[in-house]
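What follows is each chain in one-letter form.
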Amino acid sequence: MTDTSKNILLSDVQGQGFLSIFNDLSSELMPHELSLLELMEGLDYGGFDSTLRRDASVDPKDMAMVVVYSYMMGCTSSRSIERLCRRDLFIISVLKGVSAPDHTTINRFIKRNGSQIEDMFYQVVNRLGEKGELGRETVFQDGTKIESRAGKYTFVWKNFVSKNAEKCEARLRKCLHSANSLGLSILCEESVEFPSVYTELMAVKERIEGMELKLDAPSGKGIRLDPRVRLYRKLTEDLNKIRDYDETVSAIGEKRNSMSKTDPDATFMRMKEDAMGNGQLKPAYNLQCASDSNYIVGCTISCDRTDYETCVPMMEKLSWKYSNYCADSGYDTVRNFNYLEENGYTPYIKPQDWEVAKTRRYMNDIGKYQNMEYNRDDDLFICANGKKIVKVDSGVDKKSGSSYGVYRCCESCQECPLKEKCMKSSKKDRKEFQAFMEHWELRNKARILLESDKGVEIRVNRSIMAEGSFAQMKSNNKLRRFASFGRDRAFTEWILMALAVNVKHYANRRYNYNLDDPDWYEKKPA
């Protein structure tokens, strides 16, 4: 950069907007700096909290620009951003002569403005759409897991806590029996629910505290304690434990099976990076991205270990409605198919048996209901030996929400010559299986769409666009582990990184003169 441009950058530009700097220095600034100015100028920053430090008020627009630019430069921690603010000429120009904010101010700005930063991200997405950078026809969704800042060995397992709570409850019922024998309670522990037992034991504890007893008397060999003192100590210990167990189970929730002690929002998941090579679980978050023309147009975060429940929240986050939706087999559920069809999306979701269904072993397996003849009118199957398999029961799968039917053969299969090939277990008398008919029909529709020319083209673009955004964020920008605790703060880091990736991609397209032509790989005719 020339001396003249340096003088302009360091001059007092108080009262000038970003675009004035952009017009003056367009020949001197780098493409990513010009793109950042172009995309973030004129956004609505009214919701940002500007009271970040005592001695001075920081302009939210300037702080937002500084933070996004720092993420583009690979500086994600507040201290590294502070160091960048003291030496980078572009940031000095953006601050308009104001002293560089310290790391506490930067950290406070990111912490207090999580929802405002997310709103700023979608404002930039809308601006990209106005500039013709988005196709607005097909959206691609994919997810990844990013490790939390919590320690690897801070796990709390829900099943283990629940078992300990049951044991503690049994001990407390025995304590109530002891209290009855001592005349401290008249409640029968066998005929009431545990909440009533807990309330009565708390009252028993208060009664003992009101007595003139040495509750802190020493204990040990040869010392005979008062039975009421021994009961009080057991009650104190187990009542505290059962309260902690209940709080832990409530923090984990119904949909999770684990959490971290130092980061309760994080769930222990199986990561692709396994340093010990033993399938170790790590505390992490499930991050989702929706992509269009190699831009990230939507982001969500969840504590789920799978992607089943992430489709609907993502579609509700998008700024506009798309015609086509494409995702991998992790989103193959009846709930997602029905939601997409009801809202006008064409679902290009790969079935979970997409690859295995093409194998010869799968297609020749006469025991699978997918390979049997199905009579839709009578709702029954015809096996390879010509016997009818009728529906005898039905149910709903708790995990996926799919309804299924239980089908059983009308006749005995003991003398059937195809029994060994049809039935895995030789002990059963008749063929019986569960058939997810609704899911089966939806998967067949998805196969027809995916095998069409349009479907093949969309699948090729999914591998480019959905995976490409994660490559930029995880490999190039080195986002492998969050630097902050909590779900909200981790999501703010993810949004800032997604915004930085979008600006860098726009800068590359601007530098190569590819604007107004959204990225899309067209399949060449054979």
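Preceding this section is the structure that the text describes.
Source: prediction; values computed, not measured.

Trainee: Looking at this structure, I do not really get the overall build of the protein chain. What am I missing?
Mentor: Looking only at helices and strands, one finds 18 helices and 13 strands in the protein chain. Relative to the 2.2 N^0.38 estimate, which gives 24 Å for 526 residues, the radius of gyration of the protein chain is 31 Å and therefore markedly larger than a compact globule would have. Along the first, second and third principal axes, the C-alpha atoms of the protein chain reach 90 × 85 × 40 Å. The 526 residues of the protein chain split such that 47% are buried. Taking as baseline every contact in the protein chain between residues at least 6 positions apart, the subset at least 24 positions apart corresponds to 65%. Carbon together with sulfur atoms contributes 47% to the accessible area of the protein chain, which is approximately 27700 Å² in total.

Trainee: Teacher, can you tell me more about the pattern of salt bridges here?
Mentor: A pair can form between side chains of opposite charge whenever their charged atoms are brought close. Scanning all chains against the criterion turns up 24 salt bridges. Here Glu-38 and Lys-131 are joined by a salt bridge, their closest N and O atoms 2.9 Å apart. Highlighted residues: Glu-38 in helix H3 (residues 31-40) and Lys-131 in the loop between helix H8 (114-130) and strand S1 (138-147), separated in sequence by 93 residues. The class for Glu-38 is buried, based on a relative accessible area of 16%. Residue classification places Lys-131 among the partly exposed positions, given a relative accessible area of 28%. For Glu-118, the salt bridge is made with Lys-317, and the minimal N-O distance between the two is 2.4 Å. Of this pair, Glu-118 sits in helix H8 while Lys-317 sits in helix H12 (residues 311-317), and the two are 199 residues apart along the sequence. Judged by relative accessible area, Glu-118 falls into the buried class, the value being 15%. Lys-317 sits in the partly exposed class, given a relative accessible area of 32%. Overlapping salt bridges, with partners in common, bring together Asp-332, Asp-353, Arg-443 and Arg-447 in one network.

Trainee: I would appreciate a short explanation of empty space enclosed by the protein in the present structure.
Mentor: Any empty space left between atoms is shown by rolling a water-sized probe over those atoms. The tally for this structure, following the rule as stated, stands at one cavity of 30 Å³ or more. Estimated volume of the largest cavity: approximately 90 Å³. As for the largest cavity, its lining consists of 14 residues, of which Cys-383, Asn-385, Cys-413, Cys-416 and Cys-422 are closest to the centre. Class assignment of the residues belonging to the lining of the largest cavity gives a composition of 10 nonpolar, one polar and three charged.

Trainee: Whenever I open this one, helix H17 (residues 453-476) confuses me. Can you help?
Mentor: For an α-helix, 3.6 residues make a turn, and residues three or four places apart therefore share a direction. An ideal rise of 1.5 Å per residue puts 34 Å on 24 residues; H17 measures up with 33 Å between its terminal C-alpha atoms. Within the sequence span of H17, burial applies to Gly-455, Val-456, Glu-457, Ile-458, Asn-461, Arg-462, Met-465, Ala-466, Ser-469, Phe-470, Met-473 and Lys-474. Just downstream of H17 lies Lys-478, where phi reads positive at about 60°.

Trainee: What am I meant to see in the sheet that holds strand S10 (residues 380-382) here?
Mentor: The pairing of strands in a sheet comes from backbone hydrogen bonds and takes either a parallel or an antiparallel form. The strand order S9-S10-S11-S12-S13 describes an open sheet built from five strands, whose pairing is antiparallel. The open sheet is flanked by strand S9 (373-375) and strand S13 (432-435), the only strands paired with a single partner. The mean inter-strand angle of the sheet, taken between neighbouring strand axes irrespective of direction, is 30°. Bridging between S9 and S10 involves three bridges; their strand directions are antiparallel. In the sheet register, Asn-375 faces S10, and the bridge partner there is Leu-380. Sheet strands touched by helix H16 (residues 437-451): S9, S10, strand S12 (403-409) and S13. Its angle to S12, the strand with the most contacts, is close to 110°.

Trainee: Explain the packing of aromatic side chains to me, please; I cannot follow it from the model alone.
Mentor: Any aromatic ring pair is given by two values, namely how distant the centres are and how the planes are angled relative to each other. In this structure the tally under the stated criterion is 22 aromatic pairs. Measuring from ring centre to ring centre gives 5.6 Å for Phe-48 and Phe-109, while their planes differ by 10°; the resulting arrangement is stacked. Taken together, the residues span a long stretch of sequence, with Phe-48 in the loop between H3 and helix H4 (60-72) and Phe-109 in helix H7 (residues 103-112) at a distance of 61 residues. When sorted by exposure, Phe-48 lands in the same class as Phe-109, which is buried. Between the aromatic rings of Trp-157 and Phe-268, the centroid separation amounts to 5.7 Å while the plane-to-plane angle is 55°, which identifies the pairing as tilted. Here Phe-268 lies in strand S4 (residues 267-270) and Trp-157 lies in strand S2 (residues 155-157), a separation of 111 residues in the sequence. Phe-268 gets classed as buried once you look at its relative accessible area, which sits at 1%. A cation over a ring is seen here: Arg-136 above Trp-320, with NZ or CZ 4.0 Å from the ring centre.

How each quantity is defined
- Within any chain, residue numbers begin from 1 and follow the written order of that chain's sequence.
- Local features are withheld for residues below a pLDDT of 70 in this predicted model, meaning they are given only at 70 or higher, and side-chain atom pairs are given and counted only at 80 or more; totals for whole chains, interfaces and linings count all residues.
- Remark: hydrogens and water are excluded; side-chain values derive from all non-hydrogen atoms of the structure.
- The secondary structure listing takes helices from DSSP runs of H or I that are at least 4 residues long and strands from runs of E that are at least 2 residues long, numbered from the N terminus.
- Throughout, radius of gyration means the C-alpha value; the globule benchmark is 2.2 Å times the number of residues raised to the power 0.38.
- Each residue's exposure class comes from its accessible area (1.4 Å probe, protein chains only) as a fraction of the maximum for that residue type: buried when under 20%, exposed when over 50%, partly exposed otherwise.
- In what follows, a contact means two residues having at least one pair of non-hydrogen atoms within 4.5 Å.
- Computed with the Shrake-Rupley method and a 1.4 Å probe, the accessible areas treat only the protein chains shown as cover for residues.
- Salt bridge, as used here: a side-chain nitrogen of Lys or Arg that lies within 4 Å of a carboxyl oxygen of Asp or Glu.
- Only protein atoms enter the 1 Å grid, on which a cavity is a set of points fitting a 1.4 Å probe that cannot get out and a pocket is an open set with protein on both sides within 12 Å along at least 5 of 7 lines, lining residues being those with an atom within 4 Å of a point.
- Grid points are joined across faces, edges and corners, and a volume is the space filled by probe spheres set on the points.
- Residues are grouped as follows: nonpolar covers Ala, Val, Leu, Ile, Met, Phe, Trp, Tyr, Cys and Pro; charged covers Asp, Glu, Lys and Arg; every other residue, Gly included, is treated as polar.
- The span expected for a helix works out to 1.5 Å for each residue beyond the first.
- The rule for pairing is simple: two strands pair if DSSP sees at least two bridges between them.
- Only C-alpha atoms enter the line fits that serve as axes; for helices the fit covers just the stretch in contact. Angles between N-to-C directions range over 0 to 180 degrees.
- Aromatic rings from Phe, Tyr and Trp, with only the six-membered ring used for Trp, were paired whenever their centres fell within 6.5 Å, and each pair was classed as stacked if the ring planes differed by under 30 degrees, edge-to-face if by over 60, and tilted otherwise.
- By definition here, charges over rings are those cases where NZ of Lys or CZ of Arg is within 6 Å of the ring centre and within 35 degrees of the ring normal.

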